[in-house]
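# Residue-level structural notes
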Amino acid sequence: MEQKNNSDQVLNTVRSIVYHLNDVNWVKMTQKMMALPINNVKLLDDITNIIFDRALKRQNYTHIYAQMCARLINDSKFNNLIATDTEITFQKVLLKKCHDVFYSNYQEELNKLKDTMKNDNMVPKKCLSGVLNNFLFDIQKRSICNCRFIGELFKNGAFPEKYILKCIGDLGKEKNDNNYELQMHCLCIILQSVGLILSKTSYDLNKKINKLVSSMENHGMSSTLKCLIKKLKIMNSKGWMDEEPVKLIAGTNYNAYRDLPPHMQMVYRVRSKKIMSDWAYDESHDHRLNVVNNYKIEVRSNIPPKL
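Figured I'd write up the structure that's included with this text.

Criteria and thresholds
Residues numbered from 1 in each chain as written. Predicted model: local features only at pLDDT ≥ 70, side-chain atom pairs only at ≥ 80, totals over all residues. Heavy atoms only, no water. Helix = DSSP H or I, 4+ residues; strand = E, 2+ residues; numbered from the N terminus. Expected span 1.5 Å × (residues − 1). Contact = heavy atoms within 4.5 Å. Salt bridge = Lys/Arg side-chain N within 4 Å of Asp/Glu carboxyl O. Disulfide = S-S within 2.5 Å. Phe/Tyr/Trp six-rings, centres within 6.5 Å; stacked < 30°, edge-to-face > 60°. Buried < 20%, exposed > 50% of the residue type's maximum accessible area, 1.4 Å probe, protein only. Lys NZ or Arg CZ within 6 Å of the ring centre and 35° of its normal. Polar contact = N/O pair within 3.5 Å; in protein donor to acceptor, adjacent residues only side chain to side chain.

The first and last C-alpha atoms of helix 12 (residues 223–237) sit 21 Å apart over 15 residues, in line with the 21 Å expected at 1.5 Å per residue. Buried residues along helix 12 sit against helix 10 (180–198) and helix 11 (205–214). Backbone geometry just after helix 12 places Gly-239 at a positive phi near 70°.

Another point: the pattern of salt bridges. This model, assessed by the stated rule, comprises eight salt bridges. The residue Lys-96 makes a salt bridge to Asp-100 at a minimum N-O spacing of 2.8 Å. One end of the pair, Lys-96, and the other, Asp-100, are both in helix 6 (residues 90–102), four residues apart, so they sit about a helical turn from each other. The salt bridge involving Asp-170 is made with Lys-173; its shortest N-O contact spans 3.4 Å. Each of Lys-166, Asp-170 and Lys-173 takes part in one network of salt bridges that share partners.

Take the state of the cysteines next. Going through the model one piece at a time under the given rule, you end up with zero disulfides. The thiol of Cys-186 is unpaired, and the distance to the nearest cysteine sulfur, on Cys-147, comes to 3.7 Å.

This brings us to the packing of aromatic side chains. In total, this model carries three aromatic pairs according to the counting rule given. Consider the rings of Phe-52 and Phe-149, whose centres lie 6.0 Å apart with planes at 55°: the pair is tilted. Residue Phe-52 is found in helix 3 (residues 41–57), and its partner Phe-149 is found in helix 8 (residues 124–155); the two are separated by 97 residues along the sequence. For Phe-52, a relative accessible area of 2% gives the class buried. The interplanar angle of 75° and the centroid separation of 4.7 Å between the aromatic rings of Phe-102 and Tyr-103 together place this pair among those described as edge-to-face. Judged by its relative accessible area of 15%, Phe-102 is buried. With a relative accessible area of 35%, Tyr-103 lands in the partly exposed category. Over the face of the ring belonging to Tyr-19 we find Arg-54, whose NZ or CZ atom lies 4.0 Å from the ring centre. Seen from the ring of Tyr-61, Arg-58 lies directly overhead, with NZ or CZ sitting 4.2 Å from the centre.

Moving on to the side chain of Arg-58. If you trace the backbone, Arg-58 turns up in the loop between helix 3 and helix 4 (62–74). Side-chain polar atoms of Arg-58 contact the backbone oxygen of Leu-21, separated by 2.7 Å. Those residues within four positions of Arg-58 in sequence are excluded, and the remaining contacts are Val-18, Tyr-19, His-20, Leu-21 and Tyr-65.

Interpretation in functional terms is not warranted from these geometric data alone.
If you want it as structure tokens, here you go:
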């Protein structure tokens, strides 16, 4: 019981630190975090969850949370507070959380939501006005903020280069689904964060930027994404120096779908209607297929056996 109370006290302190973190106090707050008594893996995981979730929700302060995390990763005392018989470190736990969000299965989550809505007998109008719109907004915001956090961690030496290159490579793979534009947004967000560092390595940034520029010919691409790609092209041509990174886009500066201005809400409503129409088509197709198969079985069962 005493250990649980101590853990609760530590977690409350962590929440207080990360909820009030800013450009002025982050060094002092980081030192306060380093002094916390962390003596088990469960507590470390809970602390990392609090930091990670808050970093993704306060998107304008992502760079501050990345700086804090880099300090914690490089502080041997902070990592040695955990049981010495394990190989668990704060960095490994944090990177696992970044990885899980980055490679989360969008379609799988969408299918689970579909099943939930069917089980709750939700009418299409209610699905579009609330659940589905909120889902699409939250998925997009979380994915983009996670990519920015990854980029900031890399800039601070807390995210290995081989992993950042893998993220860029995976985002650069073309996909013909509804998630393609979000994928391109995420790629641009990472590149604008890590471009300066990668430009000093053997990595061919020109090839990646040129491919993005050529993708602008896609007539279905939003004007917001096109502007972001153009900005990246300029940053690359100027050697990534003296250029202010593009602020987070596609409504990520808003905390919830309901806070979006009407023209931004319309984007999600259009996507929701398309998803609903696809679901309706798939279900009608499955129904027709079941009818045909049942008919074939019935016909076969009535055919007299050959003599």
